[in-house]
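In case you want the letters, here they are:
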Amino acid sequence: VASRGLGDVYKRQDTVNLDERPCLHIPALPTGASYLGVYFRCGDIATSYNSRYSFLDPLWLRRFLPSVSTVANVEYTVLFGNRGVHGSGASKSICEGYFAVLAQKLRNMTGTMVLVAPEGYDKDPHVGLVRDLRCMAQSVAFVDYSYASSIGYVASFLHNGCAAVVPHFAPGVKRERRLPQ
C-alpha cells in the first residue's frame, strides 16, 4: 500500500516539492534540528484484535532507546502514526490517549522534546503518507514501534540516517492487545 501511494504521488510532480525541508508539516521542528523518528501504528488495531498486528510492550523501547537517542545526539523525537485514518472514530479517541502516554514515555526515555506529527492527510491520503515517510526517512535514527506495519517497514528501508530499528519477535519481545500504561 505504502509503495503504491509513494509512486502515485511522485508521478504527480505538483504535489511534492523534493527541495523543501522534509518535515514542513511539523512547524515546531526547527529547520536543521536533529530528531529521532518513531512510528506507531494504532488506528486500525486499537478497536479490533488481530494477532498479526499488535502493540509492543514499552519495555522493548526501554532496552535500547535511551542509548540510541544519546549516541545519535538528537534534540527532538517525532512520533508518527495513524489515529483515525485507517481506523474509526472510536479508534481515534483511543489512539489519541495512547499517543499521549507514548509521548510521555518517549520524553522520559530520551530526555528530548517530543513532537507528534499531525495526522491530517490533506485531501489525498497518499500525499500525507508520502509527507510522513519523507520526514521519517530523514531522521537521524528511526524506530518502527509497530509489528508487521508496511508503513514502518517501508520507512525503515527508505531511512537515510544512521540507524533504523524494526521489531522482530524473539524471546523477551512481548506483544500486547492494548498498549500497556
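Coordinates for the structure precede this section.
Residues numbered from 1 in each chain as written. Predicted model: local features only at pLDDT ≥ 70, side-chain atom pairs only at ≥ 80, totals over all residues. Heavy atoms only, no water.

Talk me through the pairing of strand S1 (residues 35-39); I want residue IDs and the actual numbers.
Summarising burial for S1: five of the five residues are buried, a large majority. In S1, alternate side chains face the same way, and those of Tyr 35, Gly 37 and Tyr 39 on one face and Leu 36 and Val 38 on the other are all buried. One ladder, built from four bridges, connects S1 with strand S5 (residues 141-144); its direction is parallel. When the sheet's bridge partners are listed, Leu 36 is paired in S5 with Ala 141. (Buried < 20%, exposed > 50% of the residue type's maximum accessible area, 1.4 Å probe, protein only. Helix = DSSP H or I, 4+ residues; strand = E, 2+ residues; numbered from the N terminus. Pairing = 2+ DSSP bridges.)

I'd like to hear about helix H3 (residues 65-72), residue by residue, with values.
Among all positions in H3, only Leu 65, Val 68, Ser 69 and Ala 72 are buried. Here the buried residues of H3 occupy an arc of 95° about the axis, which is enough to place them on one side. Residues Thr 70 and Val 71 are exposed on H3 and point more than 90 degrees away from its buried face. In this fold, the buried residues of H3 make contact with S1, helix H2 (58-62), helix H4 (89-110) and S5. Just beyond H3, the residue with positive phi is Asn 73, at close to 55°. (Arc of directions from axis to C-beta. Contact = heavy atoms within 4.5 Å.)

Before we move on, could you go through the state of the cysteines and cite the residues and values that matter?
One pass over the structure, following the stated rule, counts two disulfides. Each bonded cysteine in the protein chain gets a number by its place in the sequence, and the pairs come out as 1-4, 2-3. (Disulfide = S-S within 2.5 Å.)

Describe the packing of H3 against H4, and please don't skip the residues or the numbers.
Remark: H3 packs on H4, axes separated minimally by 8 Å, with the N-to-C direction vectors making an angle of 60°. When the interaxial angle is binned, H3 and H4 end up oblique. Crossing handedness for the pair H3 and H4: right-handed. Contact residues: Leu 65, Pro 66 and Ser 69 in H3; Leu 106, Met 109 and Thr 110 in H4. Residue classes in the contact of H3 with H4 are distributed as four nonpolar, two polar and no charged. (Axes fitted to C-alpha atoms, helices over the stretch in contact; angles between N-to-C directions. Parallel < 35°, antiparallel > 145°, perpendicular 65-115°, else oblique. Left-handed = near helix turned anticlockwise from the far one by under 90°. Nonpolar A, V, L, I, M, F, W, Y, C, P; charged D, E, K, R; others polar.)

None of the figures reported here should be taken as evidence of function without further support.
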